[in-house]
Amino acid sequence: MRSYKEQIIEPVAASDLLPTVRNMKAEGYRMLQICATKVSEGFEILYSFDKDHELTNLRVTIPEEEEVQSVTGEYWGAFIYENEMHDLFGIKIVNNELDYGGHFFKVAEPTPWNPKN
Amino acid sequence: MSYVTKSPWVIHYDGSSCNGCDIEVLACLTPMYDVERFGIINTGNPKHADVFLVTGSVNEQNKEVVKQIYSQMPEPKVVVAIGICANNGGIFKECYNILGGVDTVIPVDVYVPGCAARPEAIIDGVVKGLGVLQEKRNAMDGNTAAPAPAEKEEA
Amino acid sequence: MGKRTIIPFGPQHPVLPEPVHLDLVLEDEVVVEAIPSIGFIHRGLEKLVEKKEYTEMVYVIERICGICSFGHGWGYCASVEGAMDVEIPERAEYLRTIWHELSRLHSHMLWLGLLADAFAFDSLFMHCWKLRETILDIFEKTTGGRVIFSVCKVGGLRKDIDNETLKEIVDTLKGLKKEIKELTDVFITDTSVKNRLCGVGVLSKQDAIDLSATGPVARGSGLVQDLRLNGPGVYHKLNFEPVVEEGGDCYARCKVRIGEVFQSIDLIEQAVSQIPDGPIDVPVKGNVKGEFAVRLEQPRGEAFYYAKGADSKFLERMRVRTPTNMNIPALVKMLQGCDLADVPILILTIDPCISCTER
């Protein structure tokens, strides 16, 4: 077993995300989480997967205005993380199978992690 | 002494607490601390309750819930804010989704500090709240001369 | 087909210990769909990394949840230690494991009590919580706190437990084990309890995989998924096998947690018999530069911590993904087709921690 101390974070182009995720699903990976980080070039999105207790991450870096494909077609449970990223960061997710339209996280101000003013 | 102070019923609402104070409130009801021996029962129905225990601070979403529970409780009523978050926001005060302590939306009678508030402190706070409850009741009856219960001084 | 009704369930509700919010779509008494939404306890504490230094942030992370507080502190410290390439002393790893297993013990006892409360067996609830107090006394003795300990720090621990106290803890747990056994036998054998749990809320193994269920929910559906097999701590030095049940129903999830109660006691005994003497912390200086993701098996399942440094005292990003978050899709699936009256017990068997989920 690969030790948890060996980190794997693979950069993936936004356009390759869906095919890569589809392959991982076929190989039996479980989706763990998706999270976003606000960076100077836009957003960094980290997709984490698990297989046999080993952690593998994919990283997609996108400019702020770019849309990201939803992975809910492969991993339905991802709706939680995608709605969260949409509500807290303002990341545009397309084809989300369970899109709350900005009503998942009820926050006082819109996109608190990426304030518009 | 009125029936209210003899067996006050409490209602508990978790604002945006970390659960620490919530489980301590619940621990008060269990055999180690056992507040039921004082006739205190935890109810889920605001219309049954005399004492409102709030843990955690308020935010834009639960503001209305807290107000609603408070307005549904019959007079006289007492609000006890449990834990530092309910007092003034505590460690989360600077978070973007936090408004502040419970007193930003409803009047608070007793503040119980602590992170998390210990069961002994919570019981003390409720007992202190009962004194306030008696005062409020006296004021409602126009009978301000009646002595407040002795517990008040001890708490 | 009956008429459809939507019931908003929560946040304040007589049967709910926590402000969970679900919209339940009903056909007569049967739930056809459950739509979760969150935000009632959302504080936005991950964003405090911009205001608190990485050494102070541990206090904030510990307060994500008052039930698995120690685990959160550990997970955070492990991720920052990973990013800074810090190795902590062996004794500290052992002590963290011991405190973490004690937390699991108290959390599972708390859950068993709440479960008893959910199926209206109040004396059982009270007994579970009475036994739980013994574990809280151990916490108080060793850390000073009952629910929030603040003993973890980046680089090790703030407090040591001397070997004498460790032996006392083992003795206390030995006595407790007998009492817990009497109690858990009721959960396993009592007919009325079984009536409420068996066959209710079945989650198949395939669904558990597809919906990324975790912790006792996954293990109750026959999935061997326990991060103690590959994560921080000294579990690799202890004799450890995950507790797995095949049923996938509420009863199976209950049995997994009962199994883990005894497993935790056993792990603590093993850890105490092996623990080496030595320092409990290493000095940590400088800024956080790298990034590190770590997972930890909490009482409710695996928690994910990701720290990213920005070569300053402040982290650029701290992400915590808690177990309940992962179990919500599974809960939504389980609720479909159940009776309205079973909803509270179903919500409870994933052992939801809403404070964790909303952060």
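Residues numbered from 1 in each chain as written. Chains lettered and ligands numbered in written order. Predicted model: local features only at pLDDT ≥ 70, side-chain atom pairs only at ≥ 80, totals over all residues. Heavy atoms only, no water.

- An unreviewed UniProt entry lists chain C under the name Nickel-dependent hydrogenase large subunit, from Anaerovorax odorimutans.
- Entered under Sequence similarities (unreviewed entry) in the UniProt record, the comment concerning chain C runs "Belongs to the complex I 49 kDa subunit family." (UniProt positions renumbered as here; feature names shortened; annotations may be inferred.)

- Chain B carries the name NADH-quinone oxidoreductase subunit B family protein in an unreviewed UniProt entry, which gives Anaerovorax odorimutans as its organism.
- The UniProt entry for chain B carries the following text under Cofactor (unreviewed entry): "[4Fe-4S] cluster".

### With respect to the packing of aromatic side chains
Residues and elements named next belong to chain A.
Thought 1: In total, this model carries 10 aromatic pairs over all chains according to the counting rule given.
Thought 2: Between the aromatic rings of W76 and F79, the centroid separation amounts to 4.9 Å while the plane-to-plane angle is 45 degrees, which identifies the pairing as tilted.
Thought 3: Residue classification places W76 among the partly exposed positions, given a relative accessible area of 27%.
Thought 4: For F79, a relative accessible area of 0% corresponds to the buried category. (Phe/Tyr/Trp six-rings, centres within 6.5 Å; stacked < 30°, edge-to-face > 60°. Buried < 20%, exposed > 50% of the residue type's maximum accessible area, 1.4 Å probe, protein only.)

### Section: the UniProt feature "domain: NADH:ubiquinone oxidoreductase-like 20kDa subunit" (unreviewed entry) in chain B
Thought 1: When the UniProt feature table is mapped to this numbering, "domain: NADH:ubiquinone oxidoreductase-like 20kDa subunit" (unreviewed entry) covers residues 18-128 of chain B.
Thought 2: Across residues 18-128 of chain B, the secondary structure splits into 32% helix and 14% strand, with the terminal C-alpha atoms separated by 25 Å. (Helix = DSSP H or I, 4+ residues; strand = E, 2+ residues; numbered from the N terminus.)

### Brief notes about the interface of chain B and chain C
Thought 1: Facing the 37 residues of chain B at the interface are 39 residues of chain C.
Thought 2: In this assembly, chain B packs against chain C so that about 3100 Å² is buried in total across both faces, 64% of it on carbon and sulfur atoms.
Thought 3: If you sort the residues of chain B by the area they bury against chain C, I23(B), I91(B) and E94(B) come out on top, with a joint share of 17%.
Thought 4: Applying the counting rule to chain B against chain C returns three salt bridges.
Thought 5: Note that E140(C) is salt-bridged to R118(B), the shortest N-O span being 2.8 Å.
Thought 6: For the pair chain B and chain C, the number of links is eight residue pairs in polar contact (both at pLDDT 80 or more). (Contact = heavy atoms within 4.5 Å. Buried area = accessible area lost by both parts, 1.4 Å probe. Salt bridge = Lys/Arg side-chain N within 4 Å of Asp/Glu carboxyl O. Polar contact = N/O pair within 3.5 Å; in protein donor to acceptor, adjacent residues only side chain to side chain.)

### Overview of the side chain of N57(A)
Thought 1: Along the chain, N57(A) falls in strand 4 (residues 54-62).
Thought 2: N57(A) gets classed as buried once you look at its relative accessible area, which sits at 1%.
Thought 3: Among the polar contacts listed, one links the side chain of N57(A) to the side chain of S48(A), at a separation of 2.8 Å.
Thought 4: The residues contacting N57(A), other than those within four sequence positions of it, are I8(A), I9(A), E10(A), L46(A), Y47(A), S48(A), A293(C) and F304(C).

### Describing the sheet that holds strand 1 (residues 4-9) of chain C
Note: strands within a sheet are paired through backbone hydrogen bonds, in either parallel or antiparallel orientation.
Residues and elements named next belong to chain C.
Thought 1: Overall, antiparallel pairing links the three strands, which are arranged 1-2-3 in an open sheet. Of all the strands in the sheet, the pair left with one neighbour each is strand 1 and strand 3 (30-36). Strand-to-strand twist of the sheet, defined as the mean angle between neighbouring strand axes without regard to direction, takes the value 25 degrees.
Thought 2: Two elements, strand 2 (residues 22-27) and strand 3, share six bridges in a ladder whose sense is antiparallel. Note that in strand 3 the partner of V25 across the bridge is E33.
Thought 3: Packed on one face of the sheet, helix 10 (residues 323-335) meets strand 2 and strand 3 and runs near 160 degrees to strand 3. (Pairing = 2+ DSSP bridges. Axes fitted to C-alpha atoms, helices over the stretch in contact; angles between N-to-C directions.)

### Considerations on the nonpolar core
Thought 1: Ranked by internal contacts, the top residues of the largest apolar core, which has 172 residues, are F52(B), Y76(C), L102(C) and F187(C).
Thought 2: Residues within four places of L102(C) in sequence aside, it is in contact with I135(C), I138(C), F139(C), L173(C) and I268(C).
Thought 3: Counting 45 residues, the second largest nonpolar core, distinct from the first, contains I45(A), Y81(A), L88(A) and F104(A). (Core = buried A, V, L, I, M, F, W, Y, C linked by side-chain atoms within 4.5 Å.)

### Topic: the interface of chain A and chain C
Thought 1: Contact residues are listed per partner, giving 44 residues for chain A and 46 residues for chain C.
Thought 2: Across the chain A to chain C interface the summed buried area is about 3700 Å²; carbon plus sulfur atoms make up 56%.
Thought 3: Between chain A and chain C we count six salt bridges in total.
Thought 4: A salt bridge links R319(C) to E84(A); the nearest nitrogen and oxygen atoms lie 2.9 Å apart.
Thought 5: Taken together, the links from chain A to chain C amount to 16 residue pairs in polar contact (both at pLDDT 80 or more).

### Observations concerning the packing of helix 2 (residues 69-84) of chain C against helix 3 (residues 90-118) of chain C
All names here are of chain C.
Thought 1: Where helix 2 meets helix 3, the closest approach of the two axes is 9 Å, and the angle between their N-to-C directions is 150 degrees. Where helix 2 crosses over helix 3, the two elements pack in a sense that is left-handed. Each of F70, G71, W74, C77 and E81 in helix 2 lies in contact with helix 3, whose residues at this interface are E93, R96, T97, W99, H100 and S103.
Thought 2: Across the contact of helix 2 with helix 3, the residue classes break down as four nonpolar, four polar and three charged. (Left-handed = near helix turned anticlockwise from the far one by under 90°. Nonpolar A, V, L, I, M, F, W, Y, C, P; charged D, E, K, R; others polar.)

### Quick word on the UniProt feature "domain: NADH-quinone oxidoreductase subunit D" (unreviewed entry) in chain C
All names here are of chain C.
Thought 1: Residues annotated in UniProt with the feature "domain: NADH-quinone oxidoreductase subunit D" (unreviewed entry) correspond here to residues 123-282 and 289-359.
Thought 2: Secondary structure across residues 123-282 comprises 57% helix and 2% strand; the distance between its end C-alpha atoms is 47 Å.
Thought 3: From the first C-alpha to the last, residues 289-359 spans 25 Å; its make-up is 35% helix and 34% strand.

### What to know about the sheet that holds strand 4 (residues 78-82) of chain B
Residues and elements named next belong to chain B.
Thought 1: One open sheet holds the five strands; their spatial order is 2-1-3-4-5, and the pairing between them is parallel. Looking at the sheet topology across the chains shown, the edges are occupied by strand 2 (41-43) and strand 5 (110-112). Across this sheet, the average inter-strand angle for adjacent strands is 30 degrees, counted without regard to direction.
Thought 2: Note that strand 3 (residues 51-55) and strand 4 share five bridges and pair parallel. Note on strand 4: the bridge partner recorded for L53 is V80.
Thought 3: Here helix 3 (residues 62-72) sits on the sheet in contact with strand 1 (9-14), strand 3 and strand 4, set at roughly 175 degrees to strand 1.
Thought 4: Lying over the sheet, helix 5 (residues 119-141) contacts strand 3, strand 4 and strand 5, oriented at roughly 175 degrees with respect to strand 5.

### A short note on helix 9 (residues 250-274) of chain C
Thought 1: Taking 1.5 Å as the rise per residue, helix 9 of chain C with 25 residues should run 36 Å; its terminal C-alpha atoms sit 36 Å apart, in good agreement.
Thought 2: Most of helix 9 of chain C is tucked away: 20 of the 25 residues are buried. (Expected span 1.5 Å × (residues − 1).)

### Notes on the state of the cysteines
Residues and elements named next belong to chain C.
Thought 1: Scanning the model with the defined rule gives zero disulfides over all chains in all.
Thought 2: Of the cysteine sulfurs around C198, a residue in no disulfide, the closest is that of C250, at 9.3 Å.
Thought 3: The class of C198 is partly exposed, set by a relative accessible area of 34%. (Disulfide = S-S within 2.5 Å.)

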